[in-house]
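# Descriptive structure summary
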Amino acid sequence: LRRGALGANCFNELAASHLAVLLIAPKVQGELSGSCWEGTILPAIYSQVTKSKRHHLLIENVPQALMSVLFLAVEGGSFFVAALNLVIPGVQVALTFSLFKPVRAAAIPALGKRLDKAMRSGNTVAVKALWEEAEITDDVTVQLFKLMLPHLTFFLDVTQRCDFMREELKDLNKLGGVELKALQGMAAVFAGQAWCDLNHLNLKIGNSGAKVVAEALKSSTTRFLNL
């Protein structure tokens, strides 16, 4: 009975917030490693500027701001309070947009470590969420992926096992743009991205690269793959 009551209370607490389900982040085993800055403070700051956080702020604050203006127009009241209801959410959203790129750049090593642990533990939900939050899926962010790559040891182990990382490519600092884009595309398959086009830049991943992709597809949720 006590367990049932506890479950009911937890459900009531969860249902009390209209954003409770949206704000639940996937957990990664042992993700609080390294220094306090890298393991705790920086991820906490990063979580406040991600794409999903921007969406949460818009979902929560835009209706509230509109209702505040509507109430002021219909019922009257303090213009200052209504202005605050518009300005504060606007500043919050603007800050998440403006701070995302510099904070992401600082958090890339920590994100790489969390992503690697999620891959190793088979936590596909966390892998997909971390990859999408980082927004490193396009060609512009290939240099960010290069900073993350040394920390993706599970992914690198697979590429070496499949002979994709040839001897001359094992020095990650010497990777060219084509190799980086190919690795980024294959990592996106590991991350379970719905649309993975490894052929849009005529990337020649070869048989060894196809083996890496095949390993990824054993647990990936990718729906469309163009080789």
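Residue positions within a chain follow its written sequence, with the count starting from 1. Under the rules for a predicted model, residues below a pLDDT of 70 receive no local features and side-chain atom pairs below 80 are neither given nor counted, while totals for whole chains, interfaces and linings still include all residues. The side-chain numbers reported here are obtained from all heavy atoms of the structure, hydrogens and water having been left aside.

Here we take up the packing of helix α4 (residues 79-121) against helix α5 (residues 124-134). Every axis corresponds to a line fitted to the C-alpha atoms, with the helix fit spanning only the stretch in contact, and the corresponding angles, defined between N-to-C directions, vary from 0 to 180 degrees. A run of DSSP states H or I qualifies as a helix once it reaches four residues; a run of E qualifies as a strand once it reaches two. Both are numbered from the N-terminal end. Look at α4 against α5: their axes get within 10 Å of each other, and the N-to-C directions meet at 165°. When the axis of α4 is compared with that of α5, the two are roughly antiparallel. Read as a crossing pair, α4 and α5 show a hand that is left-handed. Listed contacts from α5 to F100, R104, L111, R114, L115, A118 and M119 of α4 are A126, V127, L130, W131, E133 and A134. Amino acid classes used here: Ala, Val, Leu, Ile, Met, Phe, Trp, Tyr, Cys and Pro are nonpolar; Asp, Glu, Lys and Arg are charged; the rest, including Gly, are polar. Looking at the contact of α4 with α5 residue by residue, the classes come out as 10 nonpolar, no polar and three charged. When describing relative orientation, an angle under 35 degrees is termed roughly parallel and one over 145 degrees roughly antiparallel, while 65 to 115 degrees is termed roughly perpendicular and anything else oblique. Working rule for handedness: look at the near helix, and if it is turned counterclockwise from the far one by less than a right angle, call the crossing left-handed; if clockwise, right-handed. Here, residues are in contact when the closest pair of their heavy atoms is within 4.5 Å.

Before going further, it helps to examine the packing of aromatic side chains. The geometry of an aromatic ring pair comes down to the distance between the two centres and the angle between the two planes. Aromatic contacts are taken between Phe, Tyr and Trp rings whose centres are within 6.5 Å, Trp giving its six-membered ring; a plane angle under 30 degrees counts as stacked, one over 60 as edge-to-face, and the others as tilted. This model, assessed by the stated rule, comprises five aromatic pairs. For the ring pair F155 and F190, a centre distance of 5.3 Å and an interplane angle of 80° mean the geometry is edge-to-face. In this pair, F155 sits in helix α7 (residues 153-161) while F190 sits in helix α8 (residues 177-190), placing the two residues 35 residues apart along the sequence. This pair shows no difference in class: F155 is buried, exactly as F190 is. Among the aromatic residues, those joined into a ring-pair cluster are F154, F155 and F190. Charges are assigned to positions over rings by a cutoff of 6 Å between ring centre and Lys NZ or Arg CZ, combined with an angular limit of 35 degrees from the ring normal. The positively charged end of R54 is found above the aromatic ring belonging to F97, 4.6 Å away from the centroid. For R54, the ring lying beneath its charged end belongs to F100, and the centroid distance is 5.3 Å. Burial here depends on accessible area, computed with a 1.4 Å probe over protein chains only, as a share of the maximum for the residue type. Under 20% is buried, over 50% is exposed, and the range in between is partly exposed.

In this section: the nonpolar core. Note on terminology: a nonpolar core comprises buried Ala, Val, Leu, Ile, Met, Phe, Trp, Tyr and Cys residues joined through side-chain atoms within 4.5 Å. Grouped together as the largest cluster of nonpolar side chains are 46 residues, with contacts concentrated most on F145, L149, F155 and L183. Residue assignment for this core shows that the elements contributing at least two residues are α2 (36-47), α4, α5, α6 (142-148), α7, α8 and α9 (206-217).

Every helix has an expected span of 1.5 Å times one less than the residues it contains. For α4, built from 43 residues, the straight-helix expectation of 63 Å at 1.5 Å per residue is missed by more than 12%, its first-to-last C-alpha distance being only 53 Å. Bend is the name given here to the angle between axes fitted to two runs of seven residues, the run ending at a residue and the run starting at it. Maximum bend of α4: about 55°, positioned at A107, with proline P109 one to four residues after it. Positioned one or two residues after α4, G122 has a phi angle of 75°, which is positive.

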